[in-house]
Amino acid sequence: MANKVGRVLWAVVWTLLFRPSPRICFGWRRVLLRLFGARIGRNARISPSVRVWAPWNLTVGDEASISHGVDCYCVDRITIGDHATVSQYAFLCTASHDVQDPHMRLIHAPIGVGDQAWVCAGAFIAPGIEVGSGAVVGARSVVTRNVEPWTIVAGNPARFIKQRVLGD
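These remarks concern the structure in this document. Numbering of residues begins from 1 in every chain and follows the order in which that chain's sequence is written. In keeping with the predicted nature of the model, local features appear solely for residues at pLDDT of at least 70, side-chain atom pairs appear and are counted solely at 80 or more, and the whole-chain, interface and lining totals rest on all residues. Side-chain calculation: all heavy atoms of the structure are included, whereas hydrogens and water are not.

### Points about the sheet that holds strand β4 (residues 58–60)
Strand pairing is assigned whenever DSSP identifies at least 2 bridges connecting the two strands. Secondary structure elements follow DSSP: runs of H or I no shorter than four residues count as helices, runs of E no shorter than two count as strands, and numbering proceeds from the N terminus. With respect to topology, five strands assemble into an open sheet ordered β1-β4-β7-β12-β15, the strand pairing being parallel. This sheet does not close on itself; its edge strands, each paired only once, are β1 (39–40) and β15 (130–131).

Next up, the structure:
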């Protein structure tokens, strides 16, 4: 019951105070998320159109960025590391339904996006997935397996493309 009440209160705050805030008001949105139990790092940049299902299940690292239209369906924990980027319209989905169950009960598992990782535009990250530090998930990719650190994956389903090597 407390979860439902919290989600209703968050929906009101999101609609009246979070969503209409000007794009540059990152600090204001950090405050609102923290008031609802999110752990938000220093200088995290969260766009006003980001959807967060349950802020108390969200952790965002220092200098991380979550772009417009991102959906954080955090029925379970979502952790986004320091200096990580989640680009526009990505969907981080911690829950699904058990198709083996005749009642299709809800199942859930946490998602982790490591430090310096980049989830590109429109990517889908499935429940229980870990995107390793420094990894890149290509645009419109569907990630159903863990992504190793410092690799680049893309496609549906996402497949290894190459190692990520930083230039000088």
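From this point on, the discussion continues.
### What to know about the sheet that holds strand β17 (residues 142–143)
Strands sit in the order β3-β6-β9-β14-β17 across an open sheet of five strands; the sheet is parallel. Two strands bound the open sheet, and with one partner strand each, they are β3 (51–52) and β17. The pairing of strand β14 (residues 124–125) with β17 spans two bridges and is parallel. Of the residues in β17, the one forming a bridge with I125 is V143.

### Things to note about the pattern of salt bridges
For salt bridges, the criterion is a side-chain nitrogen of Lys or Arg within 4 Å of an Asp or Glu carboxyl oxygen. Per the counting criterion, the structure on display carries three salt bridges. The closest approach of N and O atoms between R42 and D62, which form a salt bridge, is 3.1 Å. Of this pair, R42 sits in the loop between β1 and β2 (45–46) while D62 is found in the loop between β4 and β5 (65–66), placing the two residues 20 residues apart along the sequence. A salt bridge links E63 to R45; the shortest N-O distance between them is 3.3 Å.

### Focus: a nonpolar patch on the surface
Among the surface-exposed residues, V8, V12, L16, L17 and W28 lie close enough to one another that they form a single nonpolar patch of about 470 Å² accessible area. If you trace the backbone, V12 turns up in helix α1 (residues 2–18). Candidates for patches are residues over 30% relative accessible area with no salt bridge; among them, like charges are joined within 9 Å and nonpolar side chains (Val, Leu, Ile, Met, Phe, Trp, Tyr) within 5 Å. The Shrake-Rupley method, run with a 1.4 Å probe sphere, supplies the accessible areas, and residue values consider only the shown protein chains as cover.

### What to know about the packing of aromatic side chains
A pair of aromatic rings is counted whenever rings of Phe, Tyr or Trp (Trp by its six-membered ring) have centres within 6.5 Å, and the orientation is called stacked for planes under 30 degrees apart, edge-to-face for over 60 and tilted otherwise. Throughout the structure, instances matching the rule amount to four aromatic pairs. Here the aromatic rings of W10 and F18 are separated by 5.6 Å at their centres, their planes lie at 70°, and the arrangement is edge-to-face. Judged by its relative accessible area of 0%, F18 is buried. With 5.5 Å between their ring centres and 75° between their planes, W53 and Y73 make a pair best called edge-to-face. With W53 in the loop between β3 and β4 and Y73 in strand β6 (residues 71–73), the pair connects residues that are 20 residues apart, well separated along the chain. Taking relative accessible area as the criterion, W53 reaches 27% and is therefore assigned partly exposed. A network of ring pairs unites the aromatic residues W10, F18 and F36 as a single cluster. Type-normalised accessible area, obtained with a 1.4 Å probe on protein chains alone, sets the label of each residue: buried when under 20%, exposed when over 50%, and partly exposed for intermediate values.

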